[in-house]
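What follows is each chain in one-letter form.
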Amino acid sequence: MPESVSAADASRAVTSLRETIRRHEHLYYVLDQPAISDAEYDALLARLKEIEQRHPELVTTDSPTQRVGGGPREGFLKAPHPSPMQSLDNAFDEQALRDFDRRVRELSGLETVDYVGELKLDGVSLAVHFSGGRMSRALTRGDGFTGEDITENARTIRSLPLVVQRPREHSLPAEFEVRGEVVMNRRAFERLNSERLRDDQPTFANPRNAAAGSLRVLDPRITASRRLEFFVYGLLVDGRPMLESHWDTLDALAAFGFKVNSHRARLHGAGELVACGDRWKDKRESLPYEIDGLVFKVDSTAVQSTLGSTARAPRWAIAHKLAAEQAETLVENIEVQVGRTGALTPRALLDPVGVGGVTVSRATLHNEDEIERLGLRIGDTVLVERSGDVIPKVVRVTAQGKDRRPFLPPGNCPVCGTKVVREQGEVIRRCINTNCRARLRESILHCASRRAMNIDGLGEVLVEQLVARGLVKSVADLYGLSAEKLAALERMGKKSAANLLSNIEDSRSTPLPRVLFALGIRYVGERTAQIIADRFPNVDLLAAASIEQLREIEEIGPRIAETVRDFFREPNNLSLIDQLRAAGLQLSQETTKRADRKLDGLTFVLSGTLPNLTREEAAERIEGEGGKVTGAVSKNTDYVVAGESAGSKLEKAKRLGTAIIGEGQLLDLLGPERQP
Ligand code: IVH
């Protein structure tokens, strides 16, 4: 284009080139049907770049030249999902599929249910928001409620349109969200690993890890080089499905220009679910990417909403896992582990063996009935399998060992020696000694964990020592630790002791839902704790609640209600609560709903002088929105709010890759000030 073209001509040329390029990107990356050669495509892109360079005022973030924008970032910001990104329940066999269909029919009142069958892609889930037809933000799943903003990285995925198409048959809402799975196909994975081997870098264990690692790098140029693909399976407006049928949703997504997996089927009734599962048994290897099963979803979104969700997963969908990767190896011994609730779980110690790219040296045996069912003895050769992140398990005995010996379930706890009990109807033996060292150790580790009291620096080795020396006999004793007590421990310098004490101190302000989760009540996970705290905003109300009152909460079933009630009837637990209260923990909360509190679960460090807010004001506002303010930057810090002369905390944040924000971004996160 000659230098003299008018701005109007340049603008028209840019618009038309972008449209052409987008059409070819869609044909190539989404539909796998290229219509021009790579060289022709490169020439179009080069031409667009050239005009944009001469007319920088015409550059927009959604231009095909801007997929890789700036350089490395300093960290990722966090943002809430409009509705939680849940996980899926599993059906491993035919019976479980039939049970799923029966539950759906019972709850919906339908005689036969229409389903959609899809592949369960083995990648990383991603939520992408669009505003006015343009991609505005991409969030990882995170903890399901809050994700990390990886917009810049997601933009580099070519099958993710930055601007959606506007098909005639659908009107496009101003704001919507698509959800789907980012995968790395087998070829890209192999290529990446061979490059890494060549460059003496550690290789990725599987394509899922490679996809996850590639999405969460700080430099979008690296993501761009990894050739990720994004398959979309959900379309939400305000957190709810936009259309009435899931099948139609997939069609609409394809019409908007998204990549929708072509392997999908409409299925009617349980028989067709089972048959579909059977068809896919041996076909998975033929796909260019990895899958870990199939997903069956109720087609009608109205029926979906009638069915609702449990605390973990929707009742309208099920993952049907296909047989996992397997390998044979020797069971060298069987050991018993004592968990937080006292459950004794036998584990097979294996001659280490590679299963699907990971070395496996232990496999869970669940309980002694399982050992019996398998007919397993120490010295046997077994088939082990692992699928996804699930702990490896023993499938069956393949050869009996010459000197095989039976596993004898311990009559006493292997750690504290207390006689173990097996309650009627229970398959698990338990150590009922609430002071058992192993139980105590596991409970303290759980209590200190990031999602509970978030006490950094309280790792396994330290907890083991604290328990062994009798310094900590209950979670409450953590709050009575002092520099003198810690000084006696191995490998505990003055500085680490001071840090630990300060982290323990900070944890006193942990909000009630996380304190409830930290208590380690059986079946009370993070989300359940949140739901309970919303209904019973202080522990005394909760302790006094009857099973019926607990059951009034939607999503709390009889089993949870009973365990919660039993927990608060146990005198030891009540005295633990008293001690925690005396230690100054937050055992009540204002009745603000989690959904309204913007910074729940986020940890901030304030550094330097902010232009308008004083430190106290900033801290107060952060805490008012459920956030936590701590004194030192650690790997658990979500944001460092940096003002003038921020100094060493800022340096540390940069080293750790923590997100660094200024007062303006903090105010954005906080939103408008609440009226008292
Ligand atoms: S639907 C509320 N469909 O599997 C349920 N998930 O185990 C939303 N996944 O986190 C998920 N392929 O990352 C759905 N066709 C598919 C999927 C799929 C893979 C992943 C997804 C989800 C996980 C749950």
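Residues numbered from 1 in each chain as written. Predicted model: local features only at pLDDT ≥ 70, side-chain atom pairs only at ≥ 80, totals over all residues. Heavy atoms only, no water.

On to the site of the ligand, then. Close to the ligand lie Gln86, Leu88, Glu118, Leu119, Lys120, Leu121, Ser125, Glu181, Tyr233, Val295, Lys297 and Pro314, which account for all nearby residues. In this structure, an oxygen atom belonging to the ligand sits 3.2 Å away from a side-chain N or O atom of Lys120. Contact with the protein chains covers 85% of the free accessible surface of the ligand, which is 530 Å². Elements with a minimum of two residues in the shell around the ligand: strand E3 (114-121) and strand E11 (291-298). The element best represented in the shell around the ligand is E3, accounting for four residues. Residue classes in the shell around the ligand are distributed as six nonpolar, two polar and four charged. (Near = heavy atom within 4 Å. Polar contact = N/O pair within 3.5 Å; in protein donor to acceptor, adjacent residues only side chain to side chain. Areas by Shrake-Rupley, 256 points an atom, 1.4 Å probe, with all protein chains shown as cover. Helix = DSSP H or I, 4+ residues; strand = E, 2+ residues; numbered from the N terminus. Nonpolar A, V, L, I, M, F, W, Y, C, P; charged D, E, K, R; others polar.)

On to the pattern of salt bridges. By the definition in use, this model includes 42 salt bridges. Between Arg22 and Asp62 there is a salt bridge whose closest N-O contact spans 3.4 Å. One end of the pair, Arg22, is in helix H1 (residues 7-30); the other, Asp62, is in the loop between helix H2 (38-54) and strand E1 (78-80), and 40 residues separate them in sequence. Residue class for Arg22 comes out partly exposed when judged on its relative accessible area of 24%. Judged by relative accessible area, Asp62 falls into the buried class, the value being 9%. With a closest N to O distance of 3.4 Å, Glu505 and Arg508 form a salt bridge. Within the structure, one salt-bridge network assembled from shared partners comprises Glu368, Asp369, Arg422 and Arg429. (Salt bridge = Lys/Arg side-chain N within 4 Å of Asp/Glu carboxyl O. Buried < 20%, exposed > 50% of the residue type's maximum accessible area, 1.4 Å probe, protein only.)

Below, the discussion takes up the packing of aromatic side chains. To describe a pair of aromatic rings, one takes the distance between the centres and the angle between the planes. Taken as a whole and assessed by the stated rule, the structure comprises eight aromatic pairs. For the pair Phe100 and Tyr115, a centre-to-centre distance of 5.8 Å together with 40° between the ring planes defines the contact as tilted. Taken together, the residues span a long stretch of sequence, with Phe100 in helix H3 (residues 94-108) and Tyr115 in strand E3 at a distance of 15 residues. Each member of the pair, Phe100 together with Tyr115, is buried. Among the aromatic residues, ring-to-ring pairing joins Phe130, Phe176, Phe256 and Phe258 into one connected group. Over the ring of Trp247 we find Arg264, and its NZ or CZ is 4.4 Å from the ring centre. Here the basic side chain of Lys393 rests over the ring of Phe92, its NZ or CZ set 5.8 Å away from the ring centre. (Phe/Tyr/Trp six-rings, centres within 6.5 Å; stacked < 30°, edge-to-face > 60°. Lys NZ or Arg CZ within 6 Å of the ring centre and 35° of its normal.)

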